Amino acid sequence: MNTTNINSSIAFLIFILFFSCTNKNSNNKTQADIIIKNAYILTQDGNKRIIENGVIVISDSKIIEIGNNELVEKYSAKEVIDAKDKLVMPGLINTHTHAAMTILRGVADDLPLKEWLYEHIFPLEAKYVNADNVTLGTQLAILEMIHSGTTTFNDMYFYEDEVAQVCKSLGMRAVLTESLIDFPVPNSKTPQDGLKYSEDLINKYMNDSLVTIGIAAHSPYTCSPCLLQESKKLADKYNVPYNIHLSETKWEVDTIQKTYKLTPVGYLDSLKVLGENVVGAHCVHLTTNDIEIIANKGVGVAHNPQCNLKISSGVAPIPELLKSHAQVGLGTDGVVSNNDLNLFEEMNTAAIIHKYTHNEPTVMNASEVIDIATIGGAKVLGLDKKIGSLEVGKLADIIIIDLNKPHLIPLYNIYSQIVYSMDGSDVETVIINGKVIMKENKILTIDENDVMTKFKEFAENLKKNIEVQK
């Protein structure tokens, strides 16, 4: 072998060695993006694993390994989070929101739904909902959600393109659906305009890492049979989620019964609207047959306990739905009917209210409630292969909670502690899609003070132009 060939061979060997070590550092450890160590990990996986003194390794937006502290000898990372005395769990999933309605928080409270909606909310939306205000309202909503541990929300509102842009700039995961109604809405003069807008958004954000676009029909009583069928056909065409308010009030049930001689669930079923991609918000007033239809059709239910209590809509039959193997997630609804976006509060209310209505303390135990706030919500939104639990291969949507607080000591049962003792303000760090979005209670992707200052200015201007309910 001549000198030239020897040199070529050596160069090739050096290249191979270099290439094979690109993911190794000088200590021969595999390089990752984030390592969380010394953590008390609630995985929410199929085996409900709880790992003490555990480690989660994150790279390229995903969890690549999860186990005990020995993993720190295998990996190094750009960022290492010491989670000693801290709980690490999946981010919470809000399955029903109207995020930008933060612009109207508190303007009309303590009213029946029909009066609240038709005499106050719809007129105010017609006047004040525009692209700029939706952007501002969504920014505030996402700040509130991140601070209280929500990493994914399912939205039904207007100007969802603006909502999507806010989600991407702040690093928030969301399912976004433009609300379709039979009358003109802020950014669509006709339902056909709304359908076109929705389809354009689906194509614009197809395969986006954070944003999923779906379709929304506001409700059975605000959408014609034709609009319900057309909108569902569009959702099925692209295999995307389909949001609808469903059986929320006794008034709605009576209206549909009077008009179509069917319950709202039976009515949608007769139109062939129900299916596995449908997310029915509220589902308070259900018959035994309704529950059977929902379970058999694979319809997801977004349970909004605080909103339903505040508007006096009632209490959804969630234990019965779960017993029938229906998919159930947890939601807050919008802040004009709740009035916050804190899913820890919703978990607490969901656990307690069903014990009261069933006169049975074992109903909706803490573990079940955490299920619907995490992996259950992911299943409702069709995202359970990606989020909802901490498992290898899933996206790293994670919250970290400081357990070293008076109201969280002692720790005997982590499920009880989360549902009955914790609050959203206990969340310290939030990771979404493998990126640290909030660290030690400071959101890193936007200037919070700037958002709140602008919001206060907006609110002052609104108060000058309307008579806010006292």
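Provided above is the structure to which this section pertains.
Given the structure is predicted, the values throughout are model-derived calculations rather than measurements.

Caption draft 1: Geometry of the side chain of Asp290. With respect to the helices and strands, the residue Asp290 is situated in helix α9 (residues 288–297). It turns out Asp290 is buried and unbridged, and the closest side chain with the opposite charge, Lys250, is 12 Å from it. Once you skip the residues sitting within four places of it in the chain, Asp290 turns out to touch Thr263, Val265, Gly266 and His285.

Caption draft 2: Representation of helix α15 (residues 414–421) within the structure. Buried within α15 we find Ile414, Tyr415, Gln417, Ile418 and Val419. Buried residues belonging to α15 abut β1 (30–42), β2 (50–59), β5 (86–90), α12 (343–358) and α13 (366–373). Measuring from the backbone nitrogen of Tyr415 back to the side-chain oxygen at the start of α15 gives 2.9 Å, which picks out Asn413 as the cap.

Caption draft 3: Representation of the nonpolar core within the structure. In terms of nonpolar packing, the biggest core is built from 124 residues, with Leu87, Phe153, Leu228 and Ile418 touching the most fellow members. The contacts of Phe153, once residues within four sequence positions are left out, are Asn94, Thr97, Ala99, Ile142, Met145, Val163, Cys167, Met172, Arg173, Ala174, Val175 and Leu176. With 18 residues, the next largest nonpolar core counts Ile34, Ile66, Leu390 and Ile431 among its residues.

Caption draft 4: Quick peek at the layout of surface pockets. Within this model, the largest pocket holds a volume of roughly 770 Å³. Around the largest pocket sit 35 residues that line it, and Thr212, Asn239, Leu381, Gly382 and Leu383 are the ones nearest its centre. Within the residue set of the lining of the largest pocket, elements represented by two or more residues are β9 (211–217) and α14 (375–380). Reported here for the second largest pocket is a volume of approximately 220 Å³. If you go around the second largest pocket, the residues you meet are Leu322, His325, Ala326, Gln327, Val328, Glu368, Asp371, Ile372, Ile375, Gly376 and Lys379. Secondary-structure elements contributing two or more residues to the lining of the second largest pocket are β13 (327–330), α13 and α14. Across the lining of the second largest pocket, the residue classes break down as five nonpolar, three polar and three charged.

Conventions and cut-offs
- Residues numbered from 1 in each chain as written.
- Predicted model: local features only at pLDDT ≥ 70, side-chain atom pairs only at ≥ 80, totals over all residues.
- Heavy atoms only, no water.
- Helix = DSSP H or I, 4+ residues; strand = E, 2+ residues; numbered from the N terminus.
- Buried < 20%, exposed > 50% of the residue type's maximum accessible area, 1.4 Å probe, protein only.
- Lys, Arg positive; Asp, Glu negative; His and termini not counted.
- Salt bridge = Lys/Arg side-chain N within 4 Å of Asp/Glu carboxyl O.
- Contact = heavy atoms within 4.5 Å.
- Polar contact = N/O pair within 3.5 Å; in protein donor to acceptor, adjacent residues only side chain to side chain.
- Core = buried A, V, L, I, M, F, W, Y, C linked by side-chain atoms within 4.5 Å.
- 1 Å grid on protein atoms, 1.4 Å probe; cavity = no way out; pocket = protein on both sides within 12 Å on 5 of 7 lines; lining within 4 Å.
- Points joined across faces, edges and corners; volume = space filled by probe spheres on them.
- Nonpolar A, V, L, I, M, F, W, Y, C, P; charged D, E, K, R; others polar.

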